[in-house]
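Architecture and fold: a report
Spelled out, the chains give:
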Amino acid sequence: MSDAATLYSSIPCNFCQRVKIALSAKGVAFENVEIDLVRRPSWFRAKASGGTVPLFECDEGAFYGSAAVNEYIDERWPEPPLLPSAPAERVRARMFIDWWNHKGPTAPYEERLMNVRPEREKAVEERLSRALEECEERLAALDYAGGYWNGQSLSLVDAAAAPVFVRFAGLRHFHDFEIPESLGQVRAWHDALLEDPHVRATAPDESELLSMLTDYRVVLKKAADAGIEVPVSSAD
Ligand SMILES: N[C@@H](CCC(=O)N[C@@H](CS)C(=O)NCC(=O)O)C(=O)O
């Protein structure tokens, strides 16, 4: 079984960094192919994911959907494990990831980050605030006391959350955003994850990230002015 692997990814995409974090934690070498999301090449659209990043190719196939890919990476390269061994703990981790992706901050953070319509600003701001407040409640219900999600070591939950926290730099830059002080658990989790070596090793250079987001927002503004809605990502 060969370990040669390729990841098609894009710097602004939080889902891509999730896979990079898992690969980094496992020490799996891979070739990274950067995909320009604005001018997505036709050869890439013809691939298995239909043009969506991240796409992970290895000797066993072509896989996409960051949550599924990260589970595959965790099973294929078992050390160190990124999910707990007890079934009940595993399902709790998966439930949190599912919430983070579908009802949590994943979509609201991106909507706020990429919003170019002032009339929508209040609504997207409120949606993100609600998601972060719910995150605070969920962490409190887990007796979170700082550090990683499970209090011990990096897990797939942290790998899902960290790239969103990393991109809060864009929220600060474009929207003057900070996690409210009242959300102490969320702040603690954010701060801990930004210190993790695998998160740091896979995080984009902040000025490069901001420059790419600026370009993307220009495209979105032109589209908005022309009455075109551009979906930027999908949690499904
Ligand atoms: N649910 C997917 C979402 C991936 C996604 O939305 N990627 C964006 C970039 S952040 C993309 O490629 N969007 C364009 C498209 O889907 O055609 C995952 O978890 O990997």
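Think of each chain on its own: its residues are numbered from 1, step by step along the sequence as written. Restriction of local features to residues with pLDDT of at least 70 applies here, the model being predicted, together with a cutoff of 80 or more for giving and counting side-chain atom pairs; totals for whole chains, interfaces and linings are based on all residues.

**A look at the overall build of the protein chain**
Within the protein chain, the regular secondary structure consists of 11 helices and 4 strands. Here the radius of gyration uses the C-alpha set of atoms, whereas the globule reference equals 2.2 Å times the residue count to the power 0.38. In summary, the protein chain has a C-alpha radius of gyration of 18 Å against a globular reference of 18 Å for 236 residues, a match within 12%. When each of the 236 residues of the protein chain is scored for burial, the buried share is 34%. Starting at the N terminus, helices and strands are each numbered in turn, a helix being any DSSP run of H or I of at least four residues and a strand any DSSP run of E of at least two. The exposure scheme places C-beta atoms from the backbone and then counts, for each residue, the other C-beta atoms within 10 Å of its own, assigning buried at 20 or more, exposed at 12 or fewer, and partly exposed in between.

**So, unusual backbone geometry**
With an omega of 0°, the peptide bond between V53 and P54 qualifies as cis. Tracing the sequence through the fold places P54 in the loop between α2 (42-45) and β3 (55-58). The omega angle of the peptide bond from E79 to P80 is -15°, so this bond is cis rather than trans. Looking at the secondary structure, you find P80 in the loop between α3 (66-76) and α4 (87-102).

**Brief notes about the domain arrangement of the protein chain**
Partitioning the protein chain into domains gives domain 1 (5-76) and domain 2 (87-225). Where each domain begins and ends is defined by an automated method or by a domain database. The gap between the C-alpha centroids of domain 1 and domain 2 is 20 Å. If you look at the interface, domain 1 gives 14 residues, while domain 2 gives 23 residues. Sorting the residues of the side of domain 1 that touches domain 2 by element identifies α1 (14-26) and α3 as the ones contributing at least two each. Among the elements that take part in the side of domain 1 that touches domain 2, α1 stands out by supplying 8 residues, more than any other. Amino acids outside the nonpolar list (Ala, Val, Leu, Ile, Met, Phe, Trp, Tyr, Cys, Pro) and the charged list (Asp, Glu, Lys, Arg) are all regarded as polar, and Gly is one of them. In terms of residue class, the side of domain 1 that touches domain 2 is built from 7 nonpolar, 4 polar and 3 charged. Note on contacts: residues are paired as contacts if their backbone-placed C-beta atoms lie within 7 Å.

**What to know about helix α11 (residues 206-225)**
To estimate the expected span of a helix, subtract one from its residue number and multiply by 1.5 Å. The end-to-end C-alpha separation of α11 is 28 Å, in line with the 28 Å expected for 20 residues at 1.5 Å each. Positive backbone phi, at 80°, marks G227, one or two positions downstream of α11.

**Some remarks on the sheet that holds strand β1 (residues 5-9)**
Should DSSP find at least two bridges between two strands, the strands are regarded as paired. Spatially, the 4 strands line up as an open sheet ordered β2-β1-β3-β4, and their pairing is mixed. The two strands at the open ends of the sheet, each matched to only one other strand, are β2 (31-34) and β4 (61-64). For this sheet, the mean angle separating the axes of adjacent strands, direction not counted, is 20°. Inspection of the sheet shows β1 paired to β2 by 4 bridges, in the parallel sense. Residue pairing across strands places S9 opposite E34, the latter belonging to β2. Note on definitions: angles span 0 to 180 degrees between N-to-C directions of axes, and those axes are lines fitted to C-alpha atoms, for helices only across the stretch in contact.

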